[in-house]
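# Structural overview
Given next are the chains, with one letter for each unit.
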Amino acid sequence: MKMLGGTLGLFIAGVSALRLVNSRAHDPNTQEKVFTKSRSTISKKYPEICDSVYQISGIIESFLGRQFFYWHFESRRALSEDPLIVYVNGALGSSSILGLNSGVFPCQVNKHGNGTQVNPFALNSHANLLFIDPIGVGFAPQKGKEGRLLPTDIAYVLQQFMRSYPKMQLKKVHLMGESHGSAILLETAKIIRAMQLSHTKDISLASVIVGSALVDATVHYALLPDLAKKLGVDLGSPSPCIDYIVNCRLSEADCVSASKACGMLLIDPYHDAGHSIYQLDRPEMSTTSYLNTSNIIQRTEMFLNMNYIRKELGIPSEYIFHYNKQMDSDIEIAAGEAMKDYCKVISELSHNGVRVLLYAGDLDYITNSLGLSSILNEPRTSSLTSPITGDTIGSLLVTKESTAVKFANTTHHVQIDKPGFLNEVMIRWIYNQLG
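Residues numbered from 1 in each chain as written. Predicted model: local features only at pLDDT ≥ 70, side-chain atom pairs only at ≥ 80, totals over all residues. Heavy atoms only, no water.

## Quick look at the packing of helix H5 (residues 239–251) against helix H6 (residues 256–272)
As a reminder, the rule being used: A fitted line through C-alpha atoms represents every axis, and for helices the fit uses only the stretch in contact; the resulting angles, taken between N-to-C directions, go from 0 to 180 degrees. Strands are runs of DSSP state E lasting at least two residues, helices are runs of H or I lasting at least four, and both sets are numbered from the N terminus onward. An angle below 35 degrees is treated as roughly parallel, one above 145 as roughly antiparallel, one from 65 to 115 as roughly perpendicular, and anything else as oblique. Contacts were defined at the residue level, with two residues in contact if any of their heavy atoms lie within 4.5 Å. Throughout, the ten residues Ala, Val, Leu, Ile, Met, Phe, Trp, Tyr, Cys and Pro are labelled nonpolar, Asp, Glu, Lys and Arg are labelled charged, and all others, Gly among them, are labelled polar.
Where H5 meets H6, the axes come as close as 9 Å, and the angle between the chain directions of the two elements is 170°. Looking at the two axes, H5 sits roughly antiparallel to H6. Taking contact as the criterion, the partners of Pro240, Cys241, Tyr244, Ile245 and Cys248 in H5 are, on H6, Ala258, Ala261, Cys262, Leu265 and Leu266. In terms of residue class, the contact of H5 with H6 is built from 10 nonpolar, no polar and no charged.

Now the structure itself:
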């Protein structure tokens with residue numbers, strides 16, 4: 001653990017670390033457009049907001065006309081040494097830039113929505129960061145169509161980003177997502193592995209970090225009746241729901257019908273009784289209502305829709321930012337995808353040298369951390385404490401194939417509830433010091 005102490009000591013110093021002297025060799029008021037070998041275009045802007053580190057943002061447009069917003073932050077600690085974390089938000093149609101008011105983003109919007117303060121627990125305390133949104137989610141033309149981020153999109157955008165920024169090439173890449181974003185990233189990792197096997201070396205994939213996700217719906221949903229019963233809601237047996245999921249997997253169907261059936265049996269009655277599916281200890285009815293209690297969504301939208309902020313980021317003036325733009329058909333597709341057995345993907349990645357970290361909170365309903373023990377199959381379990389504060393983080397579960405963290409007293413929103421502890425776990429993970 002000697003190395004760990006050094007790393008976490010650097011974490012404290014990294015909060016106030018200065019960027020390299022020559023890191024901002026560009027005029028932040030200029031915007032460049034670069035053509036890549038794949039005939040894509042990448043617009044570049046050099047923002048001076050949110051954090052003091054070197055940043056690049058803009059729009060990547062594929063040769064097929066698909067557009068993606070990206071925002072890159074260099075590490076506060078050591079650009080040359082630290083890996084790259086690619087972060088994707090959870091719910092389909094939800095912007096990854098909502099991180100502006102969670103523990104992962106380099107800054108947080110103030111209570112008035114007109115400025116930011118530095119976030120000491122941001123992921124770029126020890127890593128370079130890349131956030132990705134398809135145009136249509138987050139920033140979009142006022143009359144634009146909703147967007148959907150696919151695994152192929154993430155792999156494509158990441159490849160073009162790496163080719164365009166030599167400083168990021170050859171760096172270890174960690175894909176990090178929460179909720180449904182985690183499932184998207186597991187599929188993305190399979191695509192990147194296939195690219196590597198075909199001798200495309202643009203991306204050096206090191207791990208996938210899966211937060212608060214339905215890794216195996218049959219495991220998670222089997223727990224729901226007992227969790228609901230503690231709050232006075234009787235759901236009956238989960239067996240009909242599990243049968244629906246198993247049958248849809250065997251038939252290789254889209255599983256949308258299985259998702260709907262399980263929702264009617266195990267989600268709707270609990271929700272209708274006044275409970276949140278994301279927070280066992282809070283009465284809010286949904287993720288959105290929980291976030292609205294702190295005005296997180298409103299503050300984020302207000303800040304990102306300020307004219308000078310959009311100009312800093314290289315966003316066309318006619319675009320506006322909406323946290324969430326979902327189509328009913330896309331919601332159904334996502335729900336069906338959540339019924340898949342991602343344990344098989346995790347096993348495949350592990351056997352190909354890609355590490356996988358799972359994490360969840362013990363106060364979550366839909367993806368409660370109780371499910372991690374069954375998913376990992378007889379893991380070695382130990383208590384996990386913070387070397388900085390001495391406080392209990394939760395439990396650490398380790399097997400040959402994957403590692404998991406059960407965050408104590410934490411809901412579905414680990415990055416909001418426990419940003420400091422999440423940052424500590426991420427530092428230890430990316431430097432191979434967890435487990």
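## Observations regarding the state of the cysteines
To be explicit about the condition: Cysteine sulfurs are considered disulfide-paired once they come within 2.5 Å of each other. Think of it in three bands: residues with accessible area under 20% of the maximum for their type are buried, residues over 50% are exposed, and the middle band is partly exposed, with areas taken using a 1.4 Å probe on protein chains only.
Considering all chains together, one arrives at 3 disulfides under this definition. The disulfide bridge from Cys50 ends at Cys107, spanning 2.1 Å between sulfur atoms. Judged by the torsion about the S-S bond (-105°), the Cys50/Cys107 disulfide is left-handed. Note that Cys50 is positioned in the loop between strand S2 (41–44) and strand S3 (55–61) and Cys107 in strand S6 (residues 107–109), a separation of 57 residues in sequence. The burial state of Cys50 is the same as that of Cys107; both residues are buried. Linked covalently through their sulfurs, Cys241 and Cys262 form a disulfide whose S-S length is 2.1 Å. Its S-S torsion of about 100° marks the bond between Cys241 and Cys262 as right-handed, since a negative value means left-handed. One end of the pair, Cys241, is in helix H5; the other, Cys262, is in helix H6, with 21 residues separating them in the sequence. Each member of the pair, Cys241 as well as Cys262, carries the same accessibility label: buried. The connectivity of the disulfide-linked cysteines in the chain, indexed sequentially, is 1-2, 3-6, 4-5.

## Brief notes about unusual backbone geometry
Positive phi, close to 55°, is recorded for Asn409, a residue that is not glycine. By the element assignment, Asn409 lies in the loop between strand S16 (403–407) and helix H13 (414–417). Take Asn409: its relative accessible area is 58%, and that puts it in the exposed class. A positive phi is found at Asn432, a non-glycine position, where the angle reads about 55°. Within the secondary structure layout, Asn432 lies in the segment after helix H14 (419–430). A residue is classified by how much of its surface remains accessible, and Asn432, at 55% relative accessible area, is exposed.

## With respect to H6
Rules: To get the bend at a residue, fit one axis to the 7 residues ending there and another to the 7 starting there, then take the angle between the axes.
In the structure, H6 departs most strongly from a straight axis at Gly263, where the bend amounts to approximately 45°. Regarding H6, the residues found buried are Val256, Ala258, Ser259, Ala261, Cys262, Gly263, Leu266, Ile267 and Tyr270. Immediately downstream of H6, the backbone of Gly274 shows phi near 95°, a positive value.

## Quick notes on the packing of helix H2 (residues 151–164) against helix H3 (residues 180–197)
A pair of packed helices can be characterised by two numbers: the angle between their axes and the separation between those axes. Put simply, the rule reads: Note on convention: near helix rotated counterclockwise from far helix by under a right angle means a left-handed crossing. Clockwise means right-handed.
At a minimum axis distance of 8 Å, the contact between H2 and H3 shows a crossing angle of 55°. In terms of orientation, H2 lies oblique with respect to H3. Every pair of crossing elements has a handedness; the one defined by H2 and H3 is right-handed. Between H2, through Pro151, Thr152, Ile154, Ala155, Leu158 and Gln159, and H3, the contact on the second element is made entirely by Ile184, Leu185, Glu187, Thr188, Ile191, Ile192 and Met195. In terms of residue class, the contact of H2 with H3 is built from 9 nonpolar, 3 polar and 1 charged.

## Considering the pattern of salt bridges
This is how it is decided: Salt bridges, as used here, are contacts in which a Lys or Arg side-chain nitrogen is within 4 Å of a carboxyl oxygen on Asp or Glu.
Taken as a whole and assessed by the stated rule, the structure comprises 6 salt bridges. A salt bridge links Lys190 to Glu187, with the shortest nitrogen-to-oxygen separation between them at 4.0 Å. Of this pair, Lys190 and Glu187 both sit in helix H3, 3 residues apart, which is roughly one turn of that helix. With relative accessibility at 30%, the residue Lys190 sits in the partly exposed group. Put simply, Arg77, Glu81 and Asp82 are held in one network by salt bridges that share partners.

None of the figures reported here should be taken as evidence of function without further support.
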